[in-house]
Amino acid sequence: MYPPDFSYVRVTTVEEATKFLESHDDARPIAGGQSLIPMLKLRVISPSYIVDLNPINTLSYISSSYSSTRIGALTRYYEILKSDLVKINVPLLYQAVKVVGDMQVRNLGTIGGSTANADPSADIPTVLTALNADIILTSSSGSRSVKALDFFKGAFTTDIKKGEIISEIVLPNLEGYRTFYKKVVRRAGDFALVSLAFAIKLRGNEIEDIRLAYGGVGDKPFRALEVEKNVIGRRLNNELVEEIVSKVSNQVNPPSDTRGSSWYRREVMKIITRNTLKEVMG
Ligand SMILES: Cc1cc2nc3c(=O)[nH]c(=O)nc-3n(C[C@H](O)[C@H](O)[C@H](O)COP(=O)(O)OP(=O)(O)OC[C@H]3O[C@@H](n4cnc5c(N)ncnc54)[C@H](O)[C@@H]3O)c2cc1C
């Protein structure tokens, strides 16, 4: 199917992009186009202007300090996979990006595009929720930072305001954590039926910190904050594993759709949680 007619706007700076978006109600930015083009072709959206962010070369970078890793919004998945900084400092992101779509999607798709798109089954939003990353939004009047837990509002709905673009994602470095990204799909290259972005820090076999964020079980990524809080300082053993599995799965009401029923998603959630915790126990 062909997309509807639109005017193409090429911008080379963030200022140009935000000014245009601010003064045109009917304009959408495009990054990798891996979600936007299908939405245009399916006529889910029909904006009058498409603002191409790709020529803005200041939005593509990865840098790390002692405590965090900053990634420009236009950084593509394949660039994240090539980065030793990401592999060492934010292994959870590396593990998730490895299983996004297929090679073509990873060659074009961007971290900012996936974050802005806020698909409840996508991989990046689940990782950002696990790490409560900072999402930097820039408009012509400056930048503001929003925590992932406040940024994702619902299916395809975020805190981005008119005239703003995502300029950067800031992720905390994970010193001393073990991380796992588990994704169950119906076919290779698919969006997640259910996914788990998991990080744990142990002192002996006592839990010092734990992050449990799930994709595909609601209208936005689900972070099991209450369960996390209740297990800090406790010994990781079979009994605690079953307690965590039961509590996290009771806190969600997964959707039913063509990919799987609510019941099935909950069962998958239990299995990947149990298996991951057992893997940590060795
Ligand atoms: C075949 C296929 C398989 C896929 N499989 C997966 C998968 O397994 N897991 C997964 O997570 N994703 C998957 N995707 C989606 C993919 O990750 C997309 O790349 C991603 O959702 C959007 O990134 P993009 O850079 O292509 O953004 P675009 O498609 O260009 O834009 C997406 C949305 O974000 C907005 N936008 C883009 N950049 C910005 C910005 N900087 N600031 C504000 N708004 C912005 C656009 O206006 C649009 O609304 C798949 C896509 C395809 C086509």
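Scoring rules and cut-offs
Residues numbered from 1 in each chain as written. Predicted model: local features only at pLDDT ≥ 70, side-chain atom pairs only at ≥ 80, totals over all residues. Heavy atoms only, no water. Pairing = 2+ DSSP bridges. Helix = DSSP H or I, 4+ residues; strand = E, 2+ residues; numbered from the N terminus. Axes fitted to C-alpha atoms, helices over the stretch in contact; angles between N-to-C directions. Near = heavy atom within 4 Å. Polar contact = N/O pair within 3.5 Å; in protein donor to acceptor, adjacent residues only side chain to side chain. Contact = heavy atoms within 4.5 Å.

Taking an unreviewed UniProt entry as the reference, the protein chain is identified by name as Carbon monoxide dehydrogenase belonging to Saccharolobus caldissimus.

### Remarks on the sheet that holds strand β6 (residues 134-139)
Taking strand neighbours across the sheet as the criterion, the five strands line up as β4-β5-β10-β6-β7 in an open arrangement whose pairing is antiparallel. At either end of the open sheet lies a strand with only one pairing partner, and these are β4 (62-64) and β7 (142-147). Strand after strand, the sheet turns through a mean of 20° between neighbouring axes, direction not considered. As defined by bridge partners, β6 adjoins β7 across six bridges and the pair is classed as antiparallel. Pairing of Asp-134 across the sheet is with Lys-147, part of β7.

### Let's talk about the site of the ligand
In the region of the ligand, 29 residues are neighbours, and Pro-29, Leu-36, Tyr-77, Thr-110 and Asp-123 sit closest. One of the side-chain N or O atoms of Tyr-77 is found 2.6 Å from an oxygen atom in the ligand. Note that an oxygen atom of the ligand is positioned 3.0 Å from one of the backbone N or O atoms of Asp-190. Elements supplying a minimum of two residues to the shell around the ligand: β2 (27-30), α7 (111-117) and β10 (165-172). In terms of residues, the shell around the ligand owes the most to one element, α7, which gives four residues.

### Things to note about the side chain of Arg-211
Considering the arrangement of structural elements, one finds Arg-211 in strand β13 (residues 206-215). Engagement of the side chain of Arg-211 in a polar contact is seen with the backbone oxygen of Ala-130, the distance being 3.2 Å. A distance of 3.2 Å separates the side chain of Arg-211 from the side chain of Asp-209, its partner in a polar contact. Once you skip the residues sitting within four places of it in the chain, Arg-211 turns out to touch Ala-130, Leu-131, Tyr-177, Ala-197, Phe-198, Ala-199, Arg-223 and Glu-228.

### Quick notes on the sheet that holds strand β1 (residues 7-10)
Whether parallel or antiparallel, the strands of a sheet pair through hydrogen bonds between backbone atoms. Taken in spatial order, the three strands line up as β1-β3-β2 in an open sheet, and their pairing is parallel. In this open sheet, the two edge strands, each paired with only one partner strand, are β1 and β2. Mean inter-strand twist for the sheet, computed between neighbouring axes without regard to direction, equals 30°. In terms of strand pairing, β2 meets strand β3 (residues 49-52) through four bridges, oriented parallel. Each bridged residue has a counterpart across the sheet, and for Ala-27 the counterpart in β3 is Tyr-49.

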